[in-house]
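For reference, the chains in residue letters:
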Amino acid sequence: MSTAARLGIYGAGLVLAFGGTFAIANAVVPDDAAATWSQRDMADHRGSAAGEVTPSQSAQHEEDDVMGVSLARSGFAIGPIEAPAAAGETSALSFQILDRDGEPVTGFDTAHGKDLHLITVRADGTEYRHVHPELDPGTGTWSMPWTWDAAGSYRVYADFTAADGTAVTLSRMIDVTGDFEPRPAAGVSQRDSVSGFDVTISGELEAGGASELTVDVTRDGEPVTELQPYLGAFGHLVALRQGDLAYLHVHAHGDEPQAGDLAGPEVAFTAETPTAGRYLLYLDFRVDGQVHTAQFVLDASPREGGAGGTDEPAETEDEADHDGH
Ligand SMILES: [Cu+2]
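Keep in mind it's a predicted model, so treat the numbers as computed, not measured.

Considering the side chain of D159
Mapped onto the elements of the fold, D159 is located in strand β9 (residues 152-162). Despite its burial, D159 remains without a salt bridge, the nearest opposite charge being carried by R73 at 10 Å. With near-sequence residues (within four places) excluded, D159 lies in contact with L116, H117, V168, T169 and Y247.

Quick word on the coordination of the copper ion
For the copper ion, every protein donor is listed as H117 (ND1), H130 (NE2) and H132 (NE2), and the spread of their distances is 1.7 to 2.0 Å. Every donor residue of the copper ion comes from the same chain, spaced as H-x12-H-x1-H. Here the residue H117 occupies a position in strand β5 (residues 116-122), and H130 occupies one in strand β6 (residues 129-131), the gap between them amounting to 13 residues. Assigned by exposure class, H117 and H130 land together as buried.

Focus: the layout of surface pockets
Quantified by volume, the second largest pocket comes out at close to 540 Å³. H112, D159, H236, V250 and H251 are, among the 32 residues lining the second largest pocket, the residues nearest its centre. For the lining of the second largest pocket, the secondary-structure elements that each account for two or more residues are β9, β10 (167-176), β16 (236-241), β17 (250-252) and β18 (266-273). In terms of residues, the lining of the second largest pocket owes the most to one element, β16, which gives 4 residues. Among the residues making up the lining of the second largest pocket, the classes are represented as 18 nonpolar, 11 polar and 3 charged. Each of domain 2 (72-176) and domain 3 (191-320) contributes no fewer than three residues to the lining of the second largest pocket.

A few points about the environment of T270
The residue T270 is located in strand β18 in this model. C-alpha of T270 to C-alpha of E212: the two residues are 58 residues apart in sequence and 4.7 Å apart in space. Side-chain polar atoms of T270 contact the side chain of E212, separated by 3.2 Å. A polar atom in the side chain of T270 sits 2.7 Å from the side chain of H253.

Quick look at unusual backbone geometry
The peptide bond linking G264 to P265 adopts the cis configuration, its omega dihedral lying at 5°. Locating P265 in the fold gives a position in the loop between β17 and β18. One non-glycine residue, D220, adopts positive backbone phi at about 55°. One non-glycine residue, L231, adopts positive backbone phi at about 55°.

Describing the side chain of T161
Among the secondary structure elements, T161 is positioned in strand β9. Not counting residues within four places of it along the chain, the set of residues in contact with T161 comprises F108, D109, A111, D115, T166 and A167.

Details of the packing of aromatic side chains
All told, the structure shown has 8 aromatic pairs when counted by the stated rule. With a centroid separation of 4.0 Å and an interplanar angle of 5°, the aromatic rings of Y128 and Y282 are classed as stacked. Of the two residues, Y128 sits in the loop between β5 and β6 while Y282 sits in strand β19 (residues 277-287), which places them 154 residues apart along the sequence. Summarising the burial analysis for this pair, Y128 and Y282 share the class buried. Ring geometry for W148 and Y154: centres 4.4 Å apart, planes at 40°, overall tilted. For the pair shown, W148 and Y154 are each scored as buried. By way of ring pairs, the aromatic residues F76, F108, W142 and F160 are connected into one cluster. Directly above the aromatic system of W146 lies the positively charged group of R129, at a separation of 4.3 Å from the ring centroid.

Quick word on the pattern of salt bridges
Pairing between side chains becomes possible if they bear opposite charge and their charged atoms approach one another. What the rule picks out here adds up to 5 salt bridges. E127 is the salt-bridge partner of R183, the closest N and O atoms lying 3.8 Å from each other. Residue R183 is found in the loop between β10 and β11 (191-194), and its partner E127 is found in the loop between β5 and β6; the two are separated by 56 residues along the sequence. Taking the relative accessible area as the measure of exposure, R183 reaches 46% and is therefore partly exposed. Between D244 and R241 there is a salt bridge whose closest N-O contact spans 2.6 Å. You can call D244 partly exposed: its relative accessible area is 27%.

Points about the sheet that holds strand β1 (residues 72-73)
As summarised here, the arrangement of the 5 strands in space is β1-β2-β3-β8-β7, forming an open sheet in which the pairing is antiparallel. If you trace the sheet from one side to the other, it starts and ends with β1 and β7 (134-136), each paired once. Pairing of strand β3 (residues 90-98) with strand β8 (residues 141-147) involves 7 bridges; the strand directions are antiparallel. Note that in β8 the partner of S94 across the bridge is S143.

A word on the environment of A185
Position of A185 relative to the elements: it lies in the loop between β10 and β11. Exposure remark for A185: the relative accessible area of 66% places this residue in the exposed category. When the C-alpha atoms of A185 and Q242 are compared, they prove to be 9.0 Å apart, with 57 residues separating the residues in sequence.

Scoring rules and cut-offs
- Residues numbered from 1 in each chain as written.
- Predicted model: local features only at pLDDT ≥ 70, side-chain atom pairs only at ≥ 80, totals over all residues.
- Heavy atoms only, no water.
- Helix = DSSP H or I, 4+ residues; strand = E, 2+ residues; numbered from the N terminus.
- Buried < 20%, exposed > 50% of the residue type's maximum accessible area, 1.4 Å probe, protein only.
- Lys, Arg positive; Asp, Glu negative; His and termini not counted.
- Salt bridge = Lys/Arg side-chain N within 4 Å of Asp/Glu carboxyl O.
- Contact = heavy atoms within 4.5 Å.
- Donors = N, O, S within 2.8 Å, 3.2 Å for Na, K, Ca; no water.
- 1 Å grid on protein atoms, 1.4 Å probe; cavity = no way out; pocket = protein on both sides within 12 Å on 5 of 7 lines; lining within 4 Å.
- Points joined across faces, edges and corners; volume = space filled by probe spheres on them.
- Nonpolar A, V, L, I, M, F, W, Y, C, P; charged D, E, K, R; others polar.
- Domains from an automatic or database assignment.
- Polar contact = N/O pair within 3.5 Å; in protein donor to acceptor, adjacent residues only side chain to side chain.
- Phe/Tyr/Trp six-rings, centres within 6.5 Å; stacked < 30°, edge-to-face > 60°.
- Lys NZ or Arg CZ within 6 Å of the ring centre and 35° of its normal.
- Pairing = 2+ DSSP bridges.

Rendered as structure tokens:
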């Protein structure tokens, strides 16, 4: 038995012997010992959850510094979100971005054509929305009319660039009451059909680096070449990590298009994928002034898996029937 484990039992004995609270145990245990225990606990939890850890699983355990899973970062915080409590009710959705002093922030920098991008998604990856609330510059309150279409737990992201140029994505969870029907986890999907458009995404996500992704838009089997600029590009792609809904950096290729420019049928992006695992992707694109959203699900391969070897992982059925480009 390790010293730390013996100390642990000794600590537990103290609690029993003195009938004390956890606060007493903490008070008599040196801080460094407590730190050792919590590290050991974390290691135990990983081991028991994953069993024998394979290289590909260990890639998923790599520490990463992702955006969008915290309500505070880089000196900013997203305050409580006011929103309709139940599905189908209409009122305002509103919140403030707060600075280190807890004061509402009233000055922002424009990025992708807007001062703040609001993304909402249900915990199961459905009910995605990407919208742009209005700022009341007097109070720092962002708001817009709002109705939830379905009950459940949602993550609400605020993606903005502060006046000092810091790009931040903060989020909060919010529960919406009503009849809740969770959807089963989505499988890998590289195609979507929305409003008569067929959209395909190609490219391989690789953990720990930047991956090139290309979307291809057709309508009735014909390439769509009338993609209009939307949010500073010919499409806006958001990627969320399944499991914690971390928010990834995705950049559109090319210079910012001007009004009146058209493009298509292909649009290229670079996505930074922190870990192996499954990712949910949402593409907003605009044709004839209408914005449509296509959804995809991709798996990121572990970094080690592709290094140097020629043995590619076996193709899934979905990939096998997907003609090369
Ligand atoms: Cu936006």
